[in-house]
There are 8 protein chains.
Amino acid sequence: ARCGFGEVVYGEGKSAQLISRIAQAQLKNGQSVLVTRVDPSVAEEIDAAFANTKYHSLARTLRVAASPIDDTTDFSESDLHVAVVTAGSTDMNVALEAVETLRWMNVPVRLFEDIGVAGPQRLAAAAPQLCKASALVVVAGMEGALPSVVGGYVSAPIFAVPTSVGYGANLGGVTALLGMLTSCAAGVAVVNIDAGFKGGYMAGMVVRQLINASAAQTSP
Amino acid sequence: ARCGFGEVVYGEGKSAQLISRIAQAQLKNGQSVLVTRVDPSVAEEIDAAFANTKYHSLARTLRVAASPIDDTTDFSESDLHVAVVTAGSTDMNVALEAVETLRWMNVPVRLFEDIGVAGPQRLAAAAPQLCKASALVVVAGMEGALPSVVGGYVSAPIFAVPTSVGYGANLGGVTALLGMLTSCAAGVAVVNIDAGFKGGYMAGMVVRQLINASAAQTSP
Amino acid sequence: ARCGFGEVVYGEGKSAQLISRIAQAQLKNGQSVLVTRVDPSVAEEIDAAFANTKYHSLARTLRVAASPIDDTTDFSESDLHVAVVTAGSTDMNVALEAVETLRWMNVPVRLFEDIGVAGPQRLAAAAPQLCKASALVVVAGMEGALPSVVGGYVSAPIFAVPTSVGYGANLGGVTALLGMLTSCAAGVAVVNIDAGFKGGYMAGMVVRQLINASAAQTSP
Amino acid sequence: ARCGFGEVVYGEGKSAQLISRIAQAQLKNGQSVLVTRVDPSVAEEIDAAFANTKYHSLARTLRVAASPIDDTTDFSESDLHVAVVTAGSTDMNVALEAVETLRWMNVPVRLFEDIGVAGPQRLAAAAPQLCKASALVVVAGMEGALPSVVGGYVSAPIFAVPTSVGYGANLGGVTALLGMLTSCAAGVAVVNIDAGFKGGYMAGMVVRQLINASAAQTSP
Amino acid sequence: ARCGFGEVVYGEGKSAQLISRIAQAQLKNGQSVLVTRVDPSVAEEIDAAFANTKYHSLARTLRVAASPIDDTTDFSESDLHVAVVTAGSTDMNVALEAVETLRWMNVPVRLFEDIGVAGPQRLAAAAPQLCKASALVVVAGMEGALPSVVGGYVSAPIFAVPTSVGYGANLGGVTALLGMLTSCAAGVAVVNIDAGFKGGYMAGMVVRQLINASAAQTSP
Amino acid sequence: ARCGFGEVVYGEGKSAQLISRIAQAQLKNGQSVLVTRVDPSVAEEIDAAFANTKYHSLARTLRVAASPIDDTTDFSESDLHVAVVTAGSTDMNVALEAVETLRWMNVPVRLFEDIGVAGPQRLAAAAPQLCKASALVVVAGMEGALPSVVGGYVSAPIFAVPTSVGYGANLGGVTALLGMLTSCAAGVAVVNIDAGFKGGYMAGMVVRQLINASAAQTSP
Amino acid sequence: ARCGFGEVVYGEGKSAQLISRIAQAQLKNGQSVLVTRVDPSVAEEIDAAFANTKYHSLARTLRVAASPIDDTTDFSESDLHVAVVTAGSTDMNVALEAVETLRWMNVPVRLFEDIGVAGPQRLAAAAPQLCKASALVVVAGMEGALPSVVGGYVSAPIFAVPTSVGYGANLGGVTALLGMLTSCAAGVAVVNIDAGFKGGYMAGMVVRQLINASAAQTSP
Amino acid sequence: ARCGFGEVVYGEGKSAQLISRIAQAQLKNGQSVLVTRVDPSVAEEIDAAFANTKYHSLARTLRVAASPIDDTTDFSESDLHVAVVTAGSTDMNVALEAVETLRWMNVPVRLFEDIGVAGPQRLAAAAPQLCKASALVVVAGMEGALPSVVGGYVSAPIFAVPTSVGYGANLGGVTALLGMLTSCAAGVAVVNIDAGFKGGYMAGMVVRQLINASAAQTSP
Ligand SMILES: Nc1ncnc2c1ncn2[C@@H]1O[C@H](COP(=O)(O)O)[C@@H](O)[C@H]1O
Ligand SMILES: Nc1ncnc2c1ncn2[C@@H]1O[C@H](COP(=O)(O)O)[C@@H](O)[C@H]1O
Ligand SMILES: Nc1ncnc2c1ncn2[C@@H]1O[C@H](COP(=O)(O)O)[C@@H](O)[C@H]1O
Ligand SMILES: Nc1ncnc2c1ncn2[C@@H]1O[C@H](COP(=O)(O)O)[C@@H](O)[C@H]1O
Ligand SMILES: [Mg+2]
Ligand SMILES: [Mg+2]
Ligand SMILES: [Mg+2]
Ligand SMILES: [Mg+2]
Ligand SMILES: [Mg+2]
Ligand SMILES: [Mg+2]
Ligand SMILES: [Mg+2]
Ligand SMILES: [Mg+2]
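Conventions adopted
All residue numbers refer to position in the chain's written sequence, counted from 1. Chain A is the first chain written and ligand 1 is the first ligand written, with later ones labelled in order. In keeping with the predicted nature of the model, local features appear solely for residues at pLDDT of at least 70, side-chain atom pairs appear and are counted solely at 80 or more, and the whole-chain, interface and lining totals rest on all residues. Working from all heavy atoms in the structure, the side-chain values ignore hydrogens and water. The numbering of helices and of strands both runs from the N terminus, where a helix is a DSSP run of H or I of at least 4 residues and a strand a run of E of at least 2. A radius of gyration in this sense is built from C-alpha atoms; the matching globule rule multiplies 2.2 Å by the number of residues raised to 0.38. Note on exposure labels: buried denotes an accessible area under 20% of the residue type's maximum, exposed denotes more than 50%, and partly exposed covers the range between, all computed with a 1.4 Å probe on protein chains only. For this analysis, residues touch if any pair of their heavy atoms sits within 4.5 Å. For the area figures, the Shrake-Rupley method with a 1.4 Å probe applies, and any residue is considered shielded solely by the protein chains shown. Asp and Glu are treated as the negative residues and Lys and Arg as the positive ones, with His and the ends of the chain left uncounted. Where a charge lies is defined by one atom per residue type, namely NZ (Lys), CZ (Arg), CG (Asp) and CD (Glu). Think of it this way: a Phe, Tyr or Trp ring, Trp meaning its six-membered ring, pairs with another when their centres are within 6.5 Å, and the plane angle makes it stacked under 30 degrees, edge-to-face over 60, tilted otherwise. Criterion for a charge above a ring: Arg CZ or Lys NZ at most 6 Å from the ring centre, at most 35 degrees from the ring normal. When the copies are superposed, the least-squares fit draws on C-alpha atoms of residues that have pLDDT of at least 70 in both. Start and end points for every domain follow an automatic or database-based domain assignment. What gets called buried area is simply the loss in accessible area from a 1.4 Å probe that two parts show on being joined, summed for both. Within this document, salt bridges are pairs made up of a side-chain nitrogen of Lys or Arg and a carboxyl oxygen of Asp or Glu, the two lying within 4 Å of each other. Here the term charged refers only to Asp, Glu, Lys and Arg, the term nonpolar to Ala, Val, Leu, Ile, Met, Phe, Trp, Tyr, Cys and Pro, and the term polar to all other amino acids, Gly among them. What qualifies as a polar contact is a pair of N or O atoms within 3.5 Å, subject to a donor-acceptor requirement within protein and to the restriction that residues adjacent in sequence count only when both atoms come from side chains. For each residue, the test is whether any non-hydrogen atom lies within 4 Å of the molecule or strand; if one does, the residue is near. For two strands to pair, DSSP has to find at least two bridges joining them. The path from the first strand over the helix to the second decides the hand: if it runs clockwise while the strands point away from the viewer, the crossover is right-handed. A fitted line through C-alpha atoms represents every axis, and for helices the fit uses only the stretch in contact; the resulting angles, taken between N-to-C directions, go from 0 to 180 degrees. For classification, angles of less than 35 degrees are called roughly parallel, those exceeding 145 degrees roughly antiparallel, those between 65 and 115 degrees roughly perpendicular, and all remaining angles oblique. Here is the rule for handedness: rotate from the far helix to the near one, and if that takes an anticlockwise turn smaller than a right angle the crossing is left-handed, while a clockwise turn gives right-handed.

J.: Provide a residue-level description of the overall build of chain A, including the pertinent values.
T.: Counting its regular elements, chain A contains seven helices and nine strands. A globule of 220 residues ought to have a C-alpha radius of gyration of about 17 Å, and chain A, at 18 Å, matches this closely. C-alpha atoms of chain A, sized along the principal axes, occupy 55 × 45 × 30 Å. Out of the 220 residues belonging to chain A, those deemed buried represent 60%. Here the contacts in chain A between residues at least 6 apart in sequence split such that 66% fall between residues at least 24 apart. Approximately 7,900 Å² of chain A is accessible, and the part contributed by carbon and sulfur atoms is 50%. Within chain A, the 18 negative side-chain charges are centred at a point lying 6 Å from the centre of the 14 positive side-chain charges.

J.: Can you lay out the packing of aromatic side chains for me, pointing to particular residues and giving the numbers?
T.: A full pass over the atoms with the stated rule returns 20 aromatic pairs over all chains. Taken together, a centroid distance of 6.1 Å and an interplanar angle of 25° make the contact between Y167(C) and Y10(E) stacked. Of this pair, Y167(C) sits in the loop between strand 8 (158-162) and helix 6 (174-181) while Y10(E) is found in strand 1 (residues 9-10), placing the two residues in two different chains. Consider the rings of F197(G) and Y201(G), whose centres lie 5.5 Å apart with planes at 45°: the pair is tilted. In this pair, F197(G) and Y201(G) both sit in helix 7 (residues 196-218), four residues apart, roughly one turn of the helix. Here F197(G) matches Y201(G) in class, with each residue buried. Lying over the aromatic face of Y167(G), R37(A) brings its terminal NZ or CZ to 4.1 Å of the ring centre.

J.: How would you summarise the relation of the copies chain F and chain G if you had to cite specific residues and measurements?
T.: The operation relating chain F to chain G is a screw motion whose rotation component is 180°, with 0.0 Å of axial translation and a residual RMSD of 0.0 Å. Taken together, the rotation and translation relating the two chain copies correspond to the operation of a two-fold axis. Most of the interface of chain F is mirrored in chain G: 100% of its interface residues are interface residues there too.

J.: Before we move on, could you go through the domain arrangement of chain A and cite the residues and values that matter?
T.: All names here are of chain A. Each assigned domain of chain A is listed here: domain 1 (9-65) and domain 2 (82-210). Here the C-alpha centroids of domain 1 and domain 2 sit 26 Å apart. Contacts between domain 1 and domain 2 engage eleven residues on the former and nine residues on the latter. Here domain 1 and domain 2 share an interface that buries about 1,000 Å² over both sides, 54% of which is from carbon and sulfur atoms. Together, L34, L58 and R63 form the three largest contributors to the area buried by domain 1 at its contact with domain 2, with a combined 43%. Between domain 1 and domain 2 we count two salt bridges in total. Of the residues in the side of domain 1 that touches domain 2, the class split is four nonpolar, four polar and three charged.

J.: How would you sum up the interface of chain C and chain B? Please name residues and give values.
T.: With 34 residues of chain C at the contact, the number on the chain B side is 34 residues. For the pair chain C and chain B, the two sides together bury roughly 2,800 Å², of which 63% comes from carbon and sulfur. Linking chain C with chain B are zero salt bridges. On inspection of chain C and its partner chain B, the count reaches seven residue pairs in polar contact (both at pLDDT 80 or more). Within the residue set of the side of chain C that touches chain B, elements represented by two or more residues are strand 8, helix 6, strand 9 (188-190) and helix 7 (196-218) of chain C. When residues of the side of chain C that touches chain B are assigned to their parent elements, the largest contribution, eleven residues, is made by helix 7 of chain C. Per-class residue counts for the side of chain C that touches chain B are 22 nonpolar, ten polar and two charged.

J.: An account of the site of ligand 2 is needed here, citing residue identities and associated values.
T.: Within the structure, ligand 2 sits among E7(B), V8(B), V9(B), Y10(B), K14(B), T36(B), R37(B), F197(B), C184(C), A186(C) and Y167(D). With respect to ligand 2, its neighbouring residues span chains B, C and D. Within the contact set of ligand 2, an oxygen atom lies 2.7 Å away from a side-chain nitrogen or oxygen of K14(B). Taking C184(C), its main chain carries an N or O atom lying 3.2 Å from an oxygen atom of ligand 2.

J.: Describe the pattern of salt bridges, naming the residues involved and giving the relevant values.
T.: Residues and elements named next belong to chain B. All chains considered together, the criterion is met by 58 salt bridges over all chains. Residue R63 pairs with E100 through a salt bridge whose shortest N-O separation is 2.9 Å. Pair noted here: R63 is in strand 4 (residues 61-65) and E100 is in helix 3 (residues 92-104), with a separation of 37 residues, a long-range link. As far as burial versus exposure is concerned, R63 and E100 are alike and both buried.

J.: Just give me the short version of the pairing of strand 7 (residues 135-140) of chain C, but keep the residues and values in it.
T.: Residues and elements named next belong to chain C. Among the six residues in strand 7, six count as buried, and that is most of the element. Taking every second residue as pointing to the same face, both faces of strand 7 are buried, with A135, V137 and V139 on one and L136, V138 and A140 on the other. Sheet topology places strand 5 (residues 82-86) next to strand 7; five bridges connect them, and they run parallel. Residue pairing for strand 7: V85 is matched across the bridge by V138. Where strand 7 lies against strand 8, five bridges are found, and the strand directions are parallel. In the strand pairing of strand 8, V137 is matched with F159. Assessed by its sense of winding, the connection that carries the chain from strand 7 through helix 5 (residues 146-151) to strand 8 is right-handed.

J.: Explain the packing of helix 1 (residues 16-28) of chain H against helix 2 (residues 40-47) of chain H to me, and be specific about the residues and the numbers.
T.: All names here are of chain H. Close contact between helix 1 and helix 2 brings their axes to 9 Å; oriented N to C, the two are set at 50°. Taken as axis vectors, helix 1 and helix 2 run oblique relative to one another. Crossing handedness for the pair helix 1 and helix 2: right-handed. Residue-level inspection shows A16, Q17, I19 and S20 of helix 1 in contact with helix 2, the latter providing V42, E45 and I46. Across the contact of helix 1 with helix 2, the residue classes tally to four nonpolar, two polar and one charged.

J.: Residues and numbers for the relation of the copies chain C and chain B, please.
T.: With an axial shift of 0.0 Å and an RMSD of 0.0 Å, the rotation relating chain C to chain B amounts to 180°. When the interface residues of chain C are mapped onto chain B, 100% of them again lie at the interface, so the same face is used by both copies.

J.: Break down the site of ligand 1 for me, citing the residues and quoting the values.
T.: Around ligand 1, the structure places E7(A), V8(A), V9(A), Y10(A), K14(A), T36(A), R37(A), E97(A), F197(A), Y167(G), C184(H) and A186(H). With respect to ligand 1, the chains having nearby residues are chains A, G and H. At 2.7 Å from an oxygen atom of ligand 1 is found a side-chain nitrogen or oxygen belonging to K14(A). Between ligand 1 and the protein, one listed contact pairs a nitrogen atom with a side-chain N or O atom of T36(A) at 2.7 Å. When the free accessible area of ligand 1 is taken as 510 Å², the share hidden by the protein chains comes to 80%.

J.: Please give an account of the interface of chain F and chain G that cites residues and values.
T.: Facing 34 residues of chain F, the contacting portion of chain G comprises 34 residues. With both sides pooled, the region where chain F packs onto chain G buries about 2,800 Å², and carbon together with sulfur makes up 63% of that total. Viewed at the interface, chain G and chain F are joined by seven residue pairs in polar contact (both at pLDDT 80 or more). Broken down by element, the side of chain F that touches chain G gets its largest block of residues, eleven residues, from helix 7 (residues 196-218) of chain F. Class assignment of the residues belonging to the side of chain F that touches chain G gives a composition of 22 nonpolar, ten polar and two charged.

So, in structure tokens, the structure goes:
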């Protein structure tokens with residue numbers, strides 16, 4: 001595979017048959033499969049055709065693998081990992097797309113829900129935990145201020161994901177997108193609106209390299 | 001006067017003669033004069049024609065009054081007042097336009113410089129002071145996140161002033177403007193880009209009413 | 001509570017269960033509850049679970065309180081209050097969101113319907129009444145000219161709420177928003193498109209402070 | 001000539017020679033000449049070459065005619081005429097372009113300065129005069145509210161001219177343009193930003209037809 | 001009535017009851033009624049309540065009058081009239097809103113269908129007829145080029161109505177709108193996207209004045 | 001060379017030395033050189049270093065060749081050629097960039113000046129000539145209507161070049177660009193604003209293939 | 001016919017009756033008919049009325065001809081032809097509209113599916129085949145990078161068709177459109193978003209001329 | 001220091017005195033200093049006041065350190081490093097800002113110039129080298145296609161920097177920005193227009209963590 005991970009399938013507008021065919025091919029290739037933006041009905045149809053699948057109805061992701069998918073194995077807080085942070089509960093879908101992407105990449109991930117800008121105490125309280133991550137995905141809608149604020153606490157790279165949540169001057173997520181791009185914090189890069197997958201993938205690439213380096217270290 | 005304050009003169013593109021004529025008329029009317037967006041050379045010319053003027057070269061405001069203008073009279077922290085807050089040093093010009101407007105309105109004002117989003121400790125430290133204000137003017141450029149964050153600490157109305165400071169996706173202040181309008185904080189209203197005058201004027205109207213109510217109270 | 005009022009719940013996309021849970025917690029905290037953008041079916045479901053609720057089907061707001069909600073108590077015209085003004089009948093929904101917010105804040109409110117720009121006589125006739133308010137919420141769609149015009153009559157702060165009412169060059173409310181931001185009247189600040197809640201909240205904060213100051217005065 | 005008036009020359013970026021050549025040709029054709037957007041230096045050069053010219057330094061228009069240009073001939077208020085109205089003093093240049101266009105079309109014109117929205121009394125006072133015009137040109141910058149308001153008083157067609165005067169959310173005149181297009185008044189049509197010429201020309205066409213009809217009437 | 005015509009009712013989002021009530025009031029006032037943007041079901045309900053109505057299902061206009069509405073009375077070509085011109089068949093709905101408005105204003109109107117820019121011969125052939133109109137309403141979508149081209153043939157004022165017909169770079173009519181505003185033809189003013197009513201109303205005001213002048217003339 | 005023509009050098013912001021070095025390399029490669037957007041002073045410096053150059057001060061193009069550059073060799077009207085058409089005199093610079101590009105490609109070119117939309121007779125008169133071209137470059141500013149209209153007369157492919165000429169709603173050429181893209185004529189494709197080079201290059205590729213095919217034909 | 005091909009009918013919003021009437025007229029005129037953007041139900045209704053039709057359900061095109069429509073006749077790779085290229089599978093509908101247009105024009109066409117930018121090897125592998133086309137139609141959504149990249153391999157004119165496929169910053173195809181217009185490749189011109197028909201039509205005009213020239217050559 | 005690197009100073013609009021004062025403070029703090037967007041004259045003035053400085057006139061960066069700044073120490077190709085890639089020569093300034101940022105962070109960096117999309121062979125040739133980098137900064141103007149294409153070859157995270165280079169539909173870099181955000185390649189995140197510093201800083205954070213992990217490994 002081009003980069004260690006199987007190619008991700010963008011599910012929007014693809015039929016269950018087409019997705020199944022692609023998944024079959026990737027499995028044969030020794031890759032585990034991630035499909036994003038999958039509707040429940042499509043997922044159900046695909047699920048029937050494969051032994052090991054996981055559909056996440058909020059993230060709308062579907063994974064297909066050669067062996068059972070188990071996301072319960074815990075990791076210790078000191079492990080290398082990604083922190084996924086959401087501003088509000090309405091940003092959860094997008095954040096969970098990032099989380100599922102990271103699980104599929106086999107990169108440990110911690111989720112911090114609902115520590116948006118409007119409650120600075122909640123954010124300040126979480127800060128010591130956020131500082132332990134080697135990369136962060138920060139998901140926020142409306143004015144998209146959260147990455148700037150998180151950037152004031154941490155020193156790892158932040159991947160900001162604007163969401164289309166909001167109304168009026170939010171302009172379907174464009175306002176959050178522009179705000180994140182002009183962030184006064186230096187360590188913030190941005191992906192497309194609602195692109196939880198991309199945010200997770202970028203952070204996953206960063207931490208995967210660190211895990212590999214550590215693995216090299218401990219295996220003499 | 002329509003609202004207790006003299007009408008403000010927008011100086012951009014007006015000649016020294018024209019401004020002087022308007023100022024003359026307002027003084028005669030018993031109003032003290034505030035002119036905004038005045039170039040130094042224009043200010044100098046006007047200054048020569050009046051006994052009591054104050055030009056602020058950063059704010060680019062000019063005031064003309066019937067008696068000497070004295071902004072040094074201190075006020076105690078417990079007094080009713082407006083807090084003017086800036087995100088970065090580049091926002092000072094706009095903030096000072098607000099400050100001069102408030103002084104002209106005879107409303108006490110405290111200035112908090114450079115407590116932007118990137119340094120959350122500075123902001124948290126200032127929070128107890130900010131909470132003492134009865135109205136706030138928050139001036140910020142780039143992504144314009146500061147009003148949202150300040151809104152997490154205070155309970156008085158915030159007048160957000162976006163500035164045109166920044167580049168690229170900042171779009172000449174439009175990004176900050178849109179971000180402030182979609183602020184997740186409830187107590188934030190917005191004025192035009194770089195409109196320090198308007199921010200100060202709104203906050204001044206709020207606090208002036210409170211001062212008048214208090215004055216009524218103490219003068220039996 | 002952070003600012004004397006309970007935190008407002010944005011109802012869009014939240015289930016009846018989730019809202020009920022939040023409301024329960026706020027009531028326990030001694031706060032009365034305001035939920036905005038609530039669909040009738042959701043409201044009905046929540047209503048069944050609480051003793052004292054008020055759903056306003058035009059404003060689409062739901063209030064939950066510890067004791068019966070009574071908005072009929074009259075206030076005299078000389079009382080401190082907010083004026084909520086609409087340009088046309090199509091702006092009523094947004095205006096009523098502001099009104100309900102003010103009632104929830106326990107701030108007296110008067111509603112002036114349909115005194116838009118196209119009928120200057122109606123506006124001129126209402127002007128003496130408008131001048132009695134300590135803060136105004138002006139709701140207007142299409143070109144959003146009304147706040148500028150009202151600003152020519154009153155000296156209290158105006159909170160302008162653009163609505164998405166209109167078509168074509170109205171651009172879903174963006175035209176009214178931009179127009180209000182560039183208002184030639186000094187005493188106008190703006191909130192997001194259709195954000196009746198925000199307009200009401202800002203005006204409520206202003207007048208609440210005045211009421212408190214007066215209360216302090218009269219209770220020796 | 002195509003429509004009774006000579007073709008107008010857009011002077012921007014044209015040399016004095018080129019303009020002179022065009023003017024020569026039009027004069028020969030029996031047309032009097034109107035050139036818009038002419039810099040003083042260019043105007044001076046052209047003036048030297050023709051017997052009868054009038055350059056208006058504020059309007060930046062240049063007229064060239066076969067006989068002396070005399071705009072002093074008065075007309076009675078009861079005559080058919082166009083009213084040109086400005087919101088603020090900064091809109092005068094554009095308004096004067098309209099005025100000069102009408103003079104060149106030999107259509108009587110009355111100028112109403114500085115009766116913007118912020119001073120409703122001034123506008124109400126002027127209303128009875130405005131009602132005597134058979135067509136109006138309303139020039140306004142910032143939020144461009146004036147045509148809507150004037151439309152509340154008059155029943156003749158209004159040609160709205162947005163100006164680029166303003167800053168920030170004014171977007172170089174686009175905000176005024178959009179506002180005028182979404183005017184809640186039915187009798188308002190709009191021309192390009194700063195296009196005083198076009199506004200004057202449209203109004204002139206309307207009133208010229210009326211004058212011709214009246215002339216036909218009185219000359220049996 | 002303010003301007004000789006009854007006030008037009010914008011039907012969008014108004015109930016049959018509300019419209020009926022307004023219509024009742026206007027009839028009582030001696031005005032005939034025009035309602036725009038009326039759905040068939042709403043129209044049917046209103047129709048049942050009044051003696052004399054006309055609903056135009058393409059224009060989506062409803063008229064209510066004191067006496068039977070008869071649009072069949074012919075007028076001679078030499079009469080003062082408005083020409084309504086469409087670029088393509090998809091622009092007909094908007095054009096018919098203009099036509100119905102003019103009929104309601106009792107102003108003669110001729111309709112020229114489908115003489116868009118792509119077929120220059122059709123336009124050239126119609127030109128001599130178009131030149132007989134005292135005002136024109138030109139309705140066009142896509143790039144909105146038709147008013148510029150028509151402006152090359154006629155000398156009466158043109159009111160351009162951009163339509164939202166098209167896709168992609170058409171941007172919902174904004175492209176046609178901007179194109180019409182920057183028309184190289186001098187005699188073109190523009191109204192809002194799809195605003196057939198406004199285009200008709202403006203042209204109707206122009207021709208109504210001419211008809212009145214002529215009537216004055218012929219009735220000694 | 002990749003496509004039979006030397007690669008074109010974009011001169012903006014390149015020094016005379018850099019351009020000379022590139023030109024030297026291309027000449028050595030057997031290619032003749034075209035540099036666009038060259039300031040006169042830069043051109044003069046380069047001219048001194050090469051034996052055979054041609055600088056066109058309006059087009060701001062510089063050509064460098066191995067043998068003297070001669071554009072005077074006439075071609076008969078019946079030859080395969082490109083027609084370059086301009087709407088107004090202000091579009092000439094961009095049109096000449098197209099012309100020089102075609103000369104450098106050794107493709108015959110005819111220039112039709114100033115036959116814009118406002119004068120339909122001029123265009124109709126030129127139509128029979130335009131129909132002889134195998135490809136057209138149509139350059140127009142303001143509303144960019146000309147390609148649509150020309151498309152009504154010819155059957156060869158049209159390459160539309162919007163220019164930034166205009167003001168206000170012209171939006172620096174974006175209005176013309178959008179208008180051309182939504183042209184109701186089928187045979188119109190568009191290049192970037194002011195990109196005379198690209199328009200000429202596309203048309204040149206089309207006609208060059210035809211010339212080559214003809215050459216193959218005549219040389220047995 | 002104006003240009004050798006019958007006029008194309010834009011089916012959107014047209015009834016089966018209307019389309020049938022137009023088709024009838026064109027057939028009578030000796031033209032074969034192409035209708036774009038036709039819904040299946042409309043197509044079915046028309047199909048019943050004509051002897052020889054072809055509806056393509058993905059392209060949503062309907063063709064009507066005097067004799068049976070047969071697209072199976074093969075052409076040799078060395079023949080003059082157009083290459084239609086898609087970036088991803090979601091761009092197929094638009095590409096097939098181009099293909100059907102070319103078949104209707106009787107111009108040979110080869111389709112290259114899914115050789116988008118993300119897989120450079122696939123594109124490099126296809127390059128030698130792409131170079132054999134005399135004109136290319138390149139269809140791409142998202143960032144619209146494909147035409148630039150293809151332009152690095154081929155020397156024939158490219159007609160780029162942006163599609164509305166994507167989300168967020170894709171802005172409904174506007175991002176791809178703008179990207180294609182600013183392509184660093186010289187030989188790229190652009191048509192409207194999703195305008196497969198226009199892309200095919202432009203390329204077809206280019207290759208049709210070449211075929212005609214060749215035909216002239218071989219038939220002595 | 002917050003994150004291992006001294007805080008970067010944004011030089012735009014800051015005086016030499018102010019910058020010197022900040023630099024002094026940072027040096028005292030044990031941090032080396034990076035100032036971006038510094039004009040030569042300002043740099044010269046600061047240089048005189050410090051022992052160890054480096055000004056890069058193309059990058060417009062100024063560095064101040066406690067000991068001499070030496071960027072010549074070579075690193076072997078196998079070392080952990082960042083690759084900085086430019087599309088064209090006009091993107092060099094922005095790329096060099098990234099390079100200087102990385103040098104200041106003490107992170108090895110390799111620069112790949114001018115391997116833009118238009119020359120696919122150059123890019124394919126560079127691909128094996130690009131694959132050795134642990135993070136990439138890809139700088140491109142115009143349509144900003146390069147990151148998508150590079151993303152087809154490498155598996156490390158890409159930080160895309162759009163530049164404002166181009167004209168017309170490039171919209172001052174906004175087109176490149178939007179294109180990069182909608183990239184079909186998964187491993188691309190984006191920073192602000194012309195923000196070479198941010199691109200370098202993000203990549204530097206990624207590789208610095210890897211270097212630190214390796215250093216821990218080799219130092220037992
Ligand atoms: N949710 C998503 N958002 C953006 N890109 C995605 C998403 N899911 C998959 N992709 C990208 O789309 C490519 C697959 O597209 P496709 O071939 O249409 O399935 C993958 O290589 C990913 O880079
Ligand atoms: N800096 C400013 N920004 C926005 N509005 C202003 C400013 N200064 C003055 N104004 C407004 O402009 C009006 C005066 O405009 P003018 O008559 O042109 O001097 C005042 O009534 C103020 O409301
Ligand atoms: N189709 C329409 N487009 C734009 N404005 C309209 C339309 N129909 C009515 N109006 C205007 O809307 C006003 C009436 O609005 P309303 O009071 O809501 O019925 C009238 O005075 C007209 O100027
Ligand atoms: N005036 C122009 N407008 C747009 N693109 C141009 C222009 N001149 C040259 N180019 C393109 O820019 C490329 C050369 O860029 P450069 O390597 O910077 O000289 C050429 O291959 C052309 O495709
Ligand atoms: Mg947020
Ligand atoms: Mg900020
Ligand atoms: Mg309004
Ligand atoms: Mg105005
Ligand atoms: Mg059209
Ligand atoms: Mg044009
Ligand atoms: Mg693509
Ligand atoms: Mg590029």
